[in-house]
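So the chains spell out like this:
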Amino acid sequence: MGSEERDDEHALGPVSLAYLRNSIALIEDSGINDKIMQWDGDARTSNAGRKRVLPLTAILPIMLLHIQMGRGVVYLDIANTLHRRFGTKHFELLGIPNKPSDKMDWYHRFWRGLKQILGHIDPYPFPLDGRMKAGDYAARLADLTHGEGKKQHERNLERIDWLCNQLVLASAQSMPEEFLRQYQGNCAIDASLIAVQGRQNPTNLELNRSNPDPFSGRYRRGGKHDGKGAKTDIAGYEVETATTVWNRPSESELFPSVVTAISFHKPGKLVGHGMKLIERHKAAFALDRFLVMADRAYNNSRIETFHIPARKAGVELVIDYRAKDLGLQGIYADLYLVDGNWHVRSMPQKLIDASRDLVDLEKSRSEFERVDYNQKRAALFARLKNRSHYRMTAKGLPDPDGYQRFTYPTKSPVPHTSLDGKKSIMIPLLIPDKAVKAKGPGGKSRVLQPLKHLQRFAYMSEEWSNHYGMRNLVEASNSRFKDANQEDLGNTKKRSGRGFSSNYLVTALAISSFNLRSIAAFILKLRDKAVEKPFRARRRKDENKRPLARLVTAQAAAPPG
């Protein structure tokens, strides 16, 4: 038996037409294929040349199909599917003529089609043969970012961002209308590693590229995830995702949690990407005001690239702080910003320092007996709770310029009278430069801009903990689309393609598949809960040896309302 005959005998059964129709419908609904054909037409100088057997409009549905089946995007595997597992109906749905072909024919047809699509959207068209020298790489990168290639680079970067986000959005919006109506806009954002095969590229641009993908970066676990050259660094990229979270922490059964927007970059290169996620998420659902849960990586961003545009976009943050950022964070008029909330200056110093003291207690926990530790911890949480007597109350939401009005507390233990005798104050987006300054890194004087740390809820309160805890939804989604039993995006061997664009595209397709799976799972969960659970007859019997009637509680007896 020859190898071809052996492969025929061991081939899996036919591909599910349901999966294929699902993939085709998603790509068509997104409008991506229309754009691809437009870009291809604009790039053509004539209609001469060999006609395609595998149309460009079939490439992305085939890739999404394979990801949905848990097989990733492995070119030889796709060729095998086209050769052995597709029938007449499959080819008809994709518009492919069913010609006599072998596996390698399909391999080359698929690869040529995908390469042509990538050529229209690739912002970093570097050689991917693993032989790129440092000088060539630096020169081509400079040309793309500052030279003659800049215009095409920016155009393709805009194209691939649109295409990949359109894929993700189309999958998120495929959920039933009743779910979309109940969603109010809250989201969580986070970044996750997308590893690539091969060695890490050197951090020094003057050294030769070590990875076949010369543009790939280095990822490390701690800090900003930007690899510094350690052996434990991982070659790859980062995908940033915005994920829907519940309107309130207890409302987990109104709609599924799905990814709504993505961004793709080298590890640690976060500048601007967090705000891009927020803008795409806001535009996707036509939102006005919403909450964003984010970790310290985003809170430590520059206010010019994250906090200011986010505030003007109608976003209020739910964030955590580094230990050195706790306590007093800003001053305006007769107010202190303490742990993200405005308070009157009459608030005692021990309340201002409560969060710092709590961190210090956790650090020295081993020095205390268990009872003493619990007592001290309870006392510090009581201090945090007592801040509420001095906290300013938000009056309405921030306006389009980021300004917000607050009213003074009326029942604080220490009476406080505002500087101008008014009951409320308008706090600007940024405080004036003449405001109180503090010593920053290196001993330099800096303005304490409250916006850097401003957030919606009282830090470490129950309300804050419940809302910030919903950030685990984005972490869970980032983990689930890497699951080996599902999309398996974390497996580098299931991605044949190299380069920024290929990995970005496959990542977007995998997240789209994850969204479809999450929506289906959510619907099945609601269905299973709606089915009445079977009950067992009571074992006790009456005098006629018949089972006693089932007890009916008041709740069970009530009609559905």
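Anything mentioned here points back to the structure above.
This write-up is about the structure you can find in this document. Everything numeric in this text was worked out from a predicted model, so none of it was measured.

### Some thoughts on the overall build of the protein
Reasoning step 1: Helices and strands together make up the secondary structure of the protein, namely 20 helices and 14 strands.
Reasoning step 2: Judged by the C-alpha coordinates and their principal axes, the protein covers about 95 × 90 × 50 Å.
Reasoning step 3: Counting the 561 residues in the protein, one finds 47% classified as buried.
Reasoning step 4: Put simply, of all contacts in the protein between residues at least 6 apart along the chain, 68% involve residues at least 24 apart.
Reasoning step 5: When the accessible surface of the protein is split by element, carbon and sulfur atoms take 50% of a total near 29,200 Å².

### A look at the sheet that holds strand β8 (residues 335–338)
Reasoning step 1: The sheet built from 3 strands is open, its strands ordered β7-β8-β9 with antiparallel pairing. Two strands close off the open sheet at either side, each with one partner strand: β7 (328–332) and β9 (341–344). Each neighbouring strand pair of the sheet contributes to a mean axis angle of 30°, computed without reference to strand direction.
Reasoning step 2: Bridge analysis of β7 against β8 gives 4 bridges, and the strand direction is antiparallel. Paired with Ile331 across the bridge in β8 is Tyr336.

### Some thoughts on the packing of aromatic side chains
Reasoning step 1: A complete count under the given rule lists 26 aromatic pairs for this structure.
Reasoning step 2: Seen in terms of ring centroids, Phe126 and Tyr137 are 5.1 Å apart; in terms of plane orientation they differ by 40°. Their pairing is tilted. Of this pair, Phe126 sits in the loop between α7 (103–121) and α8 (134–146) while Tyr137 is found in helix α8, placing the two residues 11 residues apart along the sequence.
Reasoning step 3: Owing to a relative accessible area of 7%, Phe126 belongs among the buried residues under this scheme.
Reasoning step 4: Between Tyr459 and Trp464, the ring centres sit 4.9 Å apart and the planes meet at 70°, which makes this aromatic pair edge-to-face.

### A look at the packing of helix α5 (residues 75–85) against α7
Reasoning step 1: In contact at an axis separation of 8 Å, α5 and α7 are set at 120° when each is read in the N-to-C sense. The angle between α5 and α7 places the two elements in the oblique class. Crossing of α5 against α7: the hand is right-handed. On α7, the residues touching Tyr75, Leu76, Ile78, Ala79, Asn80, Leu82, His83 and Arg84 of α5 are Lys103, Met104, Trp106, Tyr107, Phe110, Trp111 and Leu114.
Reasoning step 2: Considering only residue class, the contact of α5 with α7 consists of 11 nonpolar, 2 polar and 2 charged.

### Here's the deal with the nonpolar core
Reasoning step 1: In this structure, Ile62, Met63, Ile96, Phe110, Leu163, Ile262 and Leu505 are the most contacted members of the largest nonpolar core, which totals 67 residues.
Reasoning step 2: A per-element tally of this core places helix α19 (residues 500–530) first, with 10 residues.
Reasoning step 3: In contact with Ile262, other than residues within four places in its own chain, are Cys164, Asn165, Val168, Val239, Glu240, Thr241, Leu277, Arg280, Tyr504, Ala508 and Ile511.
Reasoning step 4: Core analysis: the next-biggest nonpolar cluster, separate from the first, contains 45 residues, Ala172, Met175, Met275 and Val474 among them.

### A few points about the pairing of β9
Reasoning step 1: The alternating pattern of β9 places Asn341 and His343 on one face and Trp342 and Val344 on the opposite face, and all of these are buried.
Reasoning step 2: Relative to β9, β8 runs antiparallel, the two being bridged by 4 bridges. Bridged to Val338 within β9 is Asn341.
Reasoning step 3: Connecting β8 to the next strand, β9, in antiparallel fashion are 2 residues, including Asp339 with a positive phi near 50°.

### A word on the pattern of salt bridges
Reasoning step 1: Going through the model one piece at a time under the given rule, you end up with 24 salt bridges.
Reasoning step 2: The salt bridge involving Arg218 is made with Asp233; its shortest N-O contact spans 3.1 Å. With Arg218 in strand β2 (residues 217–219) and Asp233 in the loop between β2 and β3 (234–244), the pair connects residues that are 15 residues apart, well separated along the chain. Asp233 matches Arg218 in its accessibility class, with the two residues each being buried.
Reasoning step 3: Of the charged contacts, one joins Arg456 and Glu316 as a salt bridge, the two residues approaching to 3.3 Å between their closest N and O atoms.

### Focus on empty space enclosed by the protein
Reasoning step 1: According to the stated counting rule, one finds 3 cavities of 30 Å³ or more in the structure shown.
Reasoning step 2: In this model, the largest cavity occupies a volume close to 100 Å³.
Reasoning step 3: Lining the largest cavity are 14 residues, and of these Trp342, Ile427, Pro428, Leu429 and Leu454 lie nearest its centre.
Reasoning step 4: For the lining of the largest cavity, the residue count by class is 11 nonpolar, 2 polar and 1 charged.

What counts, and at which threshold
Residues numbered from 1 in each chain as written. Predicted model: local features only at pLDDT ≥ 70, side-chain atom pairs only at ≥ 80, totals over all residues. Heavy atoms only, no water. Helix = DSSP H or I, 4+ residues; strand = E, 2+ residues; numbered from the N terminus. Buried < 20%, exposed > 50% of the residue type's maximum accessible area, 1.4 Å probe, protein only. Contact = heavy atoms within 4.5 Å. Areas by Shrake-Rupley, 256 points an atom, 1.4 Å probe, with all protein chains shown as cover. Pairing = 2+ DSSP bridges. Axes fitted to C-alpha atoms, helices over the stretch in contact; angles between N-to-C directions. Phe/Tyr/Trp six-rings, centres within 6.5 Å; stacked < 30°, edge-to-face > 60°. Parallel < 35°, antiparallel > 145°, perpendicular 65-115°, else oblique. Left-handed = near helix turned anticlockwise from the far one by under 90°. Nonpolar A, V, L, I, M, F, W, Y, C, P; charged D, E, K, R; others polar. Core = buried A, V, L, I, M, F, W, Y, C linked by side-chain atoms within 4.5 Å. Salt bridge = Lys/Arg side-chain N within 4 Å of Asp/Glu carboxyl O. 1 Å grid on protein atoms, 1.4 Å probe; cavity = no way out; pocket = protein on both sides within 12 Å on 5 of 7 lines; lining within 4 Å. Points joined across faces, edges and corners; volume = space filled by probe spheres on them.

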